[in-house]
Amino acid sequence: MPTAAKLVAAAILAVTGWFCAELIKPLMEEGRDLSKLSPICAAVGLVVGWKYLGPRADRRLGSVGANAFTTALVQTGLTLFIFAFTVMIKQSLRKAYDGPIEALQDIFMISVDFFQKYFTFEVIGAVLLGGALASWCAINAARKWG
């Protein structure tokens, strides 16, 4: 069921995802197709805001910090998983793996590699700030319109 908290959380986290993707683009190597990076990160933020943060926006102000931190972790983890899964599929189509278990294990290694390469203090700060803003605004929206 649509609520104001879900809508506010989804919108703010979508903007956060887009902004973080724009911060990561200069860190990536030349010649990569980055046309889908920002929309995918925004879509992940939209889903996380609607499905994860929106329903947790209760009327207690003390849960803002916990919701903000866990939302930032969920959004980061889901985004890393999606991009690592895409890389794994591309590599598996080139027959780079001996079996499916090796391919699934490589998803986590690719995620760790992406995290080490592209998550700077600015990106981590933007993710945490966006999660905090989304959590605070979602709780206020739930209070006012919920």
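Description of the structure in this document. (Residues numbered from 1 in each chain as written. Predicted model: local features only at pLDDT ≥ 70, side-chain atom pairs only at ≥ 80, totals over all residues. Heavy atoms only, no water.)

What to know about helix α4 (residues 100-118)
For α4, which comprises 19 residues, the first-to-last C-alpha distance of 27 Å matches the rise-based estimate of 27 Å (1.5 Å per residue) to within 8%. Within the span of α4, buried status applies to Ala103, Asp106, Ile107, Ile110, Ser111, Phe114 and Tyr118. Against the buried residues of α4 lie α1 (4-24), α3 (64-93) and α5 (121-145). (Helix = DSSP H or I, 4+ residues; strand = E, 2+ residues; numbered from the N terminus. Expected span 1.5 Å × (residues − 1). Buried < 20%, exposed > 50% of the residue type's maximum accessible area, 1.4 Å probe, protein only. Contact = heavy atoms within 4.5 Å.)

A word on the packing of α3 against α4
Interaxial distance between α3 and α4 falls to 8 Å at its minimum, and their mutual angle equals 125 degrees. Relative to α4, the element α3 lies oblique. Crossing angle aside, the handedness with which α3 passes α4 is right-handed. The residues of α4 that touch α3, namely those facing Leu80, Phe81, Phe83, Ala84, Phe85, Val87, Met88 and Gln91, are Ala103, Asp106, Ile107, Ile110, Ser111, Phe114 and Phe115. Looking at the contact of α3 with α4, its residues break down into 12 nonpolar, two polar and one charged. (Axes fitted to C-alpha atoms, helices over the stretch in contact; angles between N-to-C directions. Parallel < 35°, antiparallel > 145°, perpendicular 65-115°, else oblique. Left-handed = near helix turned anticlockwise from the far one by under 90°. Nonpolar A, V, L, I, M, F, W, Y, C, P; charged D, E, K, R; others polar.)

A closer look at the environment of Thr86
By the secondary structure assignment, Thr86 is in helix α3. Residue classification places Thr86 among the partly exposed positions, given a relative accessible area of 35%. A polar contact of 2.8 Å, which involves the side chain of Thr86, links it to the backbone oxygen of Ile82. (Polar contact = N/O pair within 3.5 Å; in protein donor to acceptor, adjacent residues only side chain to side chain.)

Brief notes about the nonpolar core
Core analysis: the largest hydrophobic core is formed by 21 residues, its most contacted members being Leu37, Met88, Ile110 and Phe114. Elements supplying a minimum of two residues to this core: α1, α2 (37-56), α3, α4 and α5. When near neighbours in sequence (up to four residues on either side) are disregarded, Phe114 contacts Leu80, Phe83, Ala84, Val87 and Phe119. Core analysis: the second largest hydrophobic core is formed by 13 residues, Ala9, Ile12, Val48 and Ala142 among them. (Core = buried A, V, L, I, M, F, W, Y, C linked by side-chain atoms within 4.5 Å.)

Overview of a nonpolar patch on the surface
A grouping of Phe69, Leu73, Phe115, Ile124 and Leu128 is seen on the molecular surface, where their side chains present a nonpolar patch of about 450 Å² in accessible area. Among the secondary structure elements, those contributing two or more residues to the nonpolar patch are α3 and α5. With respect to the secondary-structure elements, Leu73 resides in helix α3. (Patch = residues over 30% accessible without salt bridge, like charges linked within 9 Å, V, L, I, M, F, W, Y side chains within 5 Å. Areas by Shrake-Rupley, 256 points an atom, 1.4 Å probe, with all protein chains shown as cover. Salt bridge = Lys/Arg side-chain N within 4 Å of Asp/Glu carboxyl O.)

Regarding the packing of aromatic side chains
Scanning all chains against the criterion turns up three aromatic pairs. With a centroid separation of 5.9 Å and an interplanar angle of 25 degrees, the aromatic rings of Phe81 and Phe85 are classed as stacked. Of this pair, Phe81 and Phe85 are both found in helix α3, four residues apart, which corresponds to roughly one turn of the helix. Residue Phe85 is classed as partly exposed on the basis of its relative accessible area, which comes to 35%. (Phe/Tyr/Trp six-rings, centres within 6.5 Å; stacked < 30°, edge-to-face > 60°.)

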